[in-house]
Amino acid sequence: MLNVCNQVRWRSERVFDLRVGVLSWDRPWIWLAPLIAMLVAFTIVPLIYNVWLSFHEYHAFSRQLRWVGGANWAQLVADERMWEALGITLAYFAVTLTVEVILGMAIALLLDADEIGFGFLRTLLTLTLVVPPAIAGMMFLLIEDPEFGVLTYVLEVLGLLDKTTPILATGSTALWGVMLVDIWQWTPFMVLIFLAGLRSLPPEPYEAAMLDGASGFMVFRRITLPLLQKVIAVAVLIRGIDIFRMFDYVFVMTSGGPGTSTYTLSLYSWQQTFSFIKWGYGATLSLFTLLIILVVANLFIWVAKVRW
Amino acid sequence: MANVEYRSVGKSFGSVQVLEKLSLDIADGEFVVLLGSSGCGKSTLLRMTAGLETISSGEIVIDGKVVNGVHPRDRNIAMVFQNYALYPTMKVRENIAFSLEVAGKSKDEIEAQVAEAARVLNLTEYLDRKPSELSGGQRQRVAMGRAMVRNAKVFLFDEPLSNLDAKLRAHMRVEIRQLHDRLKATTVYVTHDQIEAMTMADKIVLMQGGGIVQVGTPDDLYDRPATRYVAEFIGSPQINCQDGEIVSNGGEALFVNGELKLPLPASYAAHQGRQVTCGIRPSDVALSDTGPIVGTLQIAEKTGADKQMHLDVNGSEFVAVAPRHTQGVPGDTLRFAVAPDNIHLFDHASGIRIAA
């Protein structure tokens, strides 16, 4: 007991020492300074620079950035390829997010049990998350290969596809081929978040519902889903933002092709900036992407009543 | 309405035996309280009745039908949980209506029943609130409302008042009992609070270590406790126990422990020389100048209605309930008398009651 008292006293003395030193808790700015410095250097300044850049354009001959006013923004509005890329991005976003949420929830519900081996299964799920997205893209490039890809073979056996329509080289199927990687790699992320939510739910309402005579589906719809609402909202938000700026898969697997059928907004921004050296227009495109994400995310936060 | 029958019911969690061959009959419409200290198996028995725990051995019969393998939803049982188990995302109205909705009742019917339950339980103005916006007592009433509209065969209560303050608990005791009297539903009520058991029960089942010690009316358990454990569990303040022996003196029987000599009913003379524990309820003694219980006052506690005198009798603590204006300061010697019929005797070794 005495020992504990001594420890407490020792600790409080240490805290007291801090109070009178430079790093005291009545000087918050000193504590915050490193974070603020990093935020300014790596987020605020690049953002302001990006805004500044969107009103300029790089001229290869003079090797200078020149003021162009709102020309980049006017070009953006009139750019049919941009609108096409936005459409592809939105389609990709809608399909992958929906499938990942539904599939993720279904698997989470299946794995939400204390049976032997389920802990191991839950651990297994994290494996896809440690694969770098570019590598996952390469893997699926092989899986969907028209000559020796496993998926091509299976689909062919099932009579759903013939070898003359290679998945990633056919305009109507390429985007689906890319979505598949996203779903394979990120559904487990949803499962993990939903499982964490499911396993923290109180058991009593479920027992009460059982006695009230509710069916499994009714329990899910009326109890589980409303209780998980915030968890789902956060998962959708994190994943949604991520999906919207997806770049790796299309870059590795299709480079936006065939034609422009998998040209997403981020790939288009990249192309304008780094292939065509249109720094101003590239900056405008990425700012536009950021604006869409901000608007959509905040709308979602408002509609889903997410409270942080 | 239905009767409930437990036939040699046993329950074990792994190698731990929680209930052992327990048999009990609960009549149709009876209010039975399962009473016991923590870990005696009372809540487990209740949960087995509801179907929330499996039955390891034996049978539970509800309304003449063995329910061992019957799903909770098909047992037609309503239960009020210790922490209420309300549906947190539903409003009070939806909480109460949920089981009716599940049963496929019409909207009008549901509305009428919810309104009636809310009226009875004084919840009308809270119908559109979420459980998180209610006080403990209000949540408790919602849980009861949810059970009420079920029209179930059996009502189960699992320590429903243990999270409430003393005043509200007293009030809810009355409400639950009134509800039972109105619905006339078979009720099994689990508690560790002997006052709840005494005030509400038609029949108390006192449990200890996974078995039943005594079944009887509150008066049975108070007046004729089957064992020393029952005697000590029921009654507040707790019964005074002194170890000693029965001495027979010319046809008269005495309980003797050193200086303490208490006259017993004459029939105990047959137990001459038997080692016993003598139990005397604090409220069964009266101040008397010639009383045989002589003690030194340690402390006098005022409870309002009376005074609890803590005495040192024969080296052990003895509590006596005296009128509120009784005088006495620590160190005073006080004498109390007790009627021979109010002395409870238990076998010293087994703790079992010795009948007069």
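Nothing here was measured: the structure is a model prediction, and the numbers come from that model.

Novice: Is there a simple way to think about the overall build of chain A in this case?
Specialist: Along chain A, the regular secondary structure elements total 13 helices and two strands. The C-alpha radius of gyration of chain A comes to 26 Å, more than 25% above the 19 Å expected for a compact globule of 308 residues. In terms of overall dimensions, chain A has a C-alpha envelope of 80 × 60 × 35 Å along the principal axes. Per-residue burial for chain A yields a buried fraction of 27% across its 308 residues. Expressed as a percentage of contacts within chain A between residues at least 6 apart in sequence, the contacts between residues at least 24 apart total 68%.

Novice: I'm lost on the interface of chain B and chain A in this one. Help?
Specialist: It is common to give the size of an interface as the accessible area lost on bringing the parts into contact. Residue-level contacts link 17 residues of chain B with 13 residues of chain A. Those elements that place two or more of their residues in the side of chain B that touches chain A are β6 (77-80) and α2 (92-102) of chain B. A breakdown of the residues in the side of chain B that touches chain A according to their chemical character gives 13 nonpolar, three polar and one charged.

Novice: Help me out: how do you make sense of the pairing of strand β3 (residues 31-35) of chain B in this one?
Specialist: Two faces make up the sheet, and in a regular strand the side chains alternate between them. All names here are of chain B. Counting buried positions along β3 gives five out of five residues, so the element sits mostly inside the fold. Of the two faces of β3, both are covered, the one formed by F31, V33 and L35 as well as the one formed by V32 and L34. As paired strands, β3 and strand β8 (residues 186-191) are joined by five bridges and run parallel to one another. Each residue of the ladder has a partner; that of V33, found in β8, is Y189. As paired elements, β3 and strand β9 (residues 203-208) share four bridges and run parallel to each other. Paired with L34 across the strands is V205, a residue of β9.

Novice: Honestly, the nonpolar core in this entry has me stumped. Any pointers?
Specialist: Nonpolar side chains tend toward joint burial in soluble globular proteins. With 103 residues, the main nonpolar core has B:V33 and B:L34 as its most contacted residues. If near-sequence neighbours (up to four positions away) are discounted, B:V33 is found in contact with B:Y189, B:T191, B:A197, B:M200, B:A201, B:I204 and B:V205.

Novice: Explanation requested: the domain arrangement of chain B in the structure shown.
Specialist: Residues and elements named next belong to chain B. With domains assigned, chain B is organised as domain 1 (4-233) and domain 2 (240-347). Of note, the centres of domain 1 and domain 2, computed from C-alpha atoms alone, are 39 Å apart. Classifying every residue of the side of domain 1 that touches domain 2 gives two nonpolar, one polar and one charged.

Novice: Sorry, what's going on with the packing of helix α12 (residues 265-275) of chain A against helix α13 (residues 279-303) of chain A here?
Specialist: All names here are of chain A. Close contact between α12 and α13 brings their axes to 7 Å; oriented N to C, the two are set at 160°. In terms of orientation, α12 lies roughly antiparallel with respect to α13. Relative to α13, α12 is oriented so that their crossing is left-handed. For the pair formed by α12 and α13, the contact residues are L265, S266, Y268, S269, Q272 and T273 on the first element and W279, Y281, G282, L285, S286 and T289 on the second. Across the contact of α12 with α13, the residue classes tally to five nonpolar, seven polar and no charged.

Novice: Please explain the sheet that holds strand β20 (residues 343-347) of chain B as it appears in this structure.
Specialist: Sheet strands line up and pair through hydrogen bonds in the backbone, either parallel or antiparallel. All names here are of chain B. Strands sit in the order β13-β12-β11-β14-β20 across an open sheet of five strands; the sheet is antiparallel. Either end of the sheet is taken by a strand with one partner, and the two such strands are β13 (260-264) and β20. When strand polarity is set aside, the average angle formed by the axes of neighbouring strands in this sheet is 40°. Bridge count for strand β11 (residues 240-249) against strand β14 (residues 275-280) is six bridges, and the pairing is antiparallel. The partner of C241 across the bridge, within β14, is G279.

Novice: Mind showing me how you'd approach the domain arrangement of chain A here?
Specialist: All names here are of chain A. Taken domain by domain, chain A consists of domain 1 (22-70) and domain 2 (72-303). Domain 1 puts 11 residues into the contact, and the matching count from domain 2 is 12 residues. Classifying every residue of the side of domain 1 that touches domain 2 gives six nonpolar, four polar and one charged.

Reading the values: rules and limits
- Residues numbered from 1 in each chain as written.
- Chains lettered and ligands numbered in written order.
- Predicted model: local features only at pLDDT ≥ 70, side-chain atom pairs only at ≥ 80, totals over all residues.
- Helix = DSSP H or I, 4+ residues; strand = E, 2+ residues; numbered from the N terminus.
- Rg over C-alpha atoms; globule rule 2.2 N^0.38 Å.
- Buried ≥ 20, exposed ≤ 12 C-beta atoms within 10 Å, placed from the backbone.
- Contact = placed C-beta atoms within 7 Å.
- Nonpolar A, V, L, I, M, F, W, Y, C, P; charged D, E, K, R; others polar.
- Pairing = 2+ DSSP bridges.
- Core = buried A, V, L, I, M, F, W, Y, C linked by C-beta atoms within 7 Å.
- Domains from an automatic or database assignment.
- Axes fitted to C-alpha atoms, helices over the stretch in contact; angles between N-to-C directions.
- Parallel < 35°, antiparallel > 145°, perpendicular 65-115°, else oblique.
- Left-handed = near helix turned anticlockwise from the far one by under 90°.

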